[in-house]
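# A look at the structure
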Amino acid sequence: MPRLLASHRAGPVPPALSMAMARELSERDVDGFVAAVRSVDDSRAVQFLRDILAEGATVEAVYLDLLAPSARRLGQMWDNDECDFVEVTVSLGRMQRMLRDLSQVFLADATRSEPVGSVLLTCIPGEQHTLGIIMVGEFLLRDGWRVLVGAPWSESDLLTMVGTEWFDVIGFSVGSESRLPLLKRDIRRLKSASRNPHLQFMVGGQVFSDDPTLVDQVGANAIAGDAREAPQIARRLLDAAQRAASDAPLREALGDHGQFSDALRRE
C-alpha cells in the first residue's frame, strides 16, 4: 500500500499506515544478519539490509529490531568465546557505517527547527563500541535535540566541555558493572564543573536494564531502556531541570527566613 500510494503521487503515507504495512523483523532476520555481518565478504551485510528494506521494513525497525539485537548478539558471542575481539570490532564497524548511511532517511521526518535542548552522549573510557549511543543520538536528533556524540573522552576532556559549553543532559552508555565506580565518580565531578547547575544524567546499557536500582547508586537521574524512549526520558529530565531552575531564585530570596519557615513546618 505505501508503494502504491507513492507511485500514484497520493502524497506522504500516514505514519500509522506505514507502520501497519511494514515488514516485521524476526529472530531469524537477526540470525541471518549476524551471519552476514561476520562474513569475510563485506557486501553480504549490505545486500541483506537492502533486501529487507525493499521488502518493506522501516528504518526505525532496522535500528531497533535488527542492528540493536545484532550488536547484543555479538557481545554475547564474545562473552562466550564464539568470536574474538577483532571479529566483533569489524562487525560493529560495518553496522556503524550502515547506520550512518541510513541516517538521512531516518531524520527526514524531523519537524522541529528549534532545538529542544542540548545533549552530550558518550561512554566510559575503555569501552570502544559506540553503536548504541550513536543510535540514541539519531532518535534525539529526530526529536529536535542538539546532540554531540563522541567516542570515550577522557575525564579532563569532559570536565572542560561541560565547563565551557551548556548541556542540559549527559547520556552515558555502560557495558560492564565493573565500570560503575568510575561512572559514579565522573557524574559527581561533572556536576561540580558544569556551567549548568541543574545538569541531568541519563544512563543506558544492559547493566542498568538488569538492575535499575543502580541508577540511583551512581548518581544518575534516569535510565533509557532503548533508543526509542530516550527522547521522552530526556524531555522529562529537561522539564525537571527547568522547574528546579525556576524554583532556585525563590529559595535564594527566602534565604534564612525560608529555612526557618521550613523548620517550623517540620516542627
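We now turn to the structure provided with this report.

What counts, and at which threshold
- Residues numbered from 1 in each chain as written.
- Predicted model: local features only at pLDDT ≥ 70, side-chain atom pairs only at ≥ 80, totals over all residues.
- Heavy atoms only, no water.
- Helix = DSSP H or I, 4+ residues; strand = E, 2+ residues; numbered from the N terminus.
- Buried < 20%, exposed > 50% of the residue type's maximum accessible area, 1.4 Å probe, protein only.
- Contact = heavy atoms within 4.5 Å.
- Areas by Shrake-Rupley, 256 points an atom, 1.4 Å probe, with all protein chains shown as cover.
- Pairing = 2+ DSSP bridges.
- Axes fitted to C-alpha atoms, helices over the stretch in contact; angles between N-to-C directions.
- Expected span 1.5 Å × (residues − 1).
- Left-handed = near helix turned anticlockwise from the far one by under 90°.
- Nonpolar A, V, L, I, M, F, W, Y, C, P; charged D, E, K, R; others polar.
- Patch = residues over 30% accessible without salt bridge, like charges linked within 9 Å, V, L, I, M, F, W, Y side chains within 5 Å.
- Salt bridge = Lys/Arg side-chain N within 4 Å of Asp/Glu carboxyl O.
- Arc of directions from axis to C-beta.

### Focus: the overall build of the protein
Across its full length, the protein holds twelve helices and five strands. A total of 267 residues make up the protein; the buried ones form 40% of that total. Long-range pairs, those at least 24 residues apart, make up 73% of the contacts in the protein between residues at least 6 apart in sequence. A total accessible area of about 14,900 Å² is found for the protein, and carbon and sulfur atoms account for 51% of it.

### Quick notes on the sheet that holds strand 2 (residues 146-149)
Paired through backbone hydrogen bonds, the strands of a sheet run either parallel or antiparallel to each other. The five strands lie next to each other as 2-1-3-4-5, forming an open sheet whose pairing is parallel. The open sheet has two edge strands, strand 2 and strand 5 (222-223), and neither has a second partner. Direction of pairing for strand 1 (residues 118-123) relative to strand 3 (residues 169-173): parallel, over a ladder of five bridges. Counted as the bridge partner of Thr 122 is Phe 172 from strand 3. Along the sheet face, helix 8 (residues 155-164) touches strand 1, strand 2 and strand 3 and points at about 175° away from the line of strand 1.

### Remarks on helix 7 (residues 131-142)
Here helix 7 is twelve residues long and its end C-alpha atoms lie 17 Å apart, about the 16 Å a rise of 1.5 Å per residue gives. Along helix 7, nine of the twelve residues are buried, which leaves the element largely enclosed by surrounding structure. Those residues of helix 7 lying buried are Leu 131, Ile 133, Ile 134, Met 135, Val 136, Gly 137, Glu 138, Phe 139 and Leu 140. Where helix 7 terminates, the next one or two residues include Gly 144, which has phi positive at roughly 105°.

### Quick word on the packing of helix 3 (residues 27-37) against helix 5 (residues 59-79)
Taken N-terminus to C-terminus, the directions of helix 3 and helix 5 make an angle of 65°; their axes are 9 Å apart at the nearest point. The element helix 3 and its partner helix 5 pack so that their crossing is right-handed. Residues Glu 27, Asp 29, Val 30, Asp 31, Phe 33, Val 34 and Val 37 of helix 3 touch helix 5, and the partners they reach there are Asp 65, Leu 66, Leu 67, Pro 69, Ser 70, Arg 73, Leu 74 and Met 77. Its residues placed into classes, the contact of helix 3 with helix 5 shows nine nonpolar, one polar and five charged.

### Re a nonpolar patch on the surface
A contiguous nonpolar surface patch, about 360 Å² in accessible area, is contributed by Trp 78, Phe 85, Val 86 and Val 90. No other element matches helix 6 (residues 85-106), which puts three residues into the nonpolar patch. Examined against the element boundaries, Phe 85 turns out to sit in helix 6. Given a relative accessible area of 41%, Phe 85 falls into the partly exposed group.

### Points about the environment of Ser 43
Summarising the element assignment, Ser 43 is placed in helix 4 (residues 42-54). Residue classification places Ser 43 among the partly exposed residues on the basis of a relative accessible area of 41%. A sequence separation of 51 residues divides Ser 43 from Arg 94, and the C-alpha atoms of the two residues are 9.9 Å apart.

### Brief notes about the pattern of salt bridges
Tallied over the full model, the rule gives 13 salt bridges. When the shortest N-O distance is used, the salt bridge between Arg 235 and Asp 143 registers 2.8 Å. Here Arg 235, found in helix 12 (residues 230-266), pairs with Asp 143, found in the loop between helix 7 and strand 2; they are 92 residues apart in sequence, far enough to count as distant. Through salt bridges with shared partners, one network takes in Glu 155, Arg 185, Asp 186 and Arg 189.

### Concerning helix 3
Three or more residues of helix 3 are buried, namely Asp 29, Val 30, Phe 33, Val 34, Ala 36 and Val 37. Along helix 3, the residues classed as buried sweep out an arc of 160° about the axis, all on the same side. Residues of helix 3 that are exposed and point over 90 degrees away from its buried face: Glu 27 and Arg 28. Contact partners of the buried residues in helix 3: helix 4, helix 5 and helix 6.

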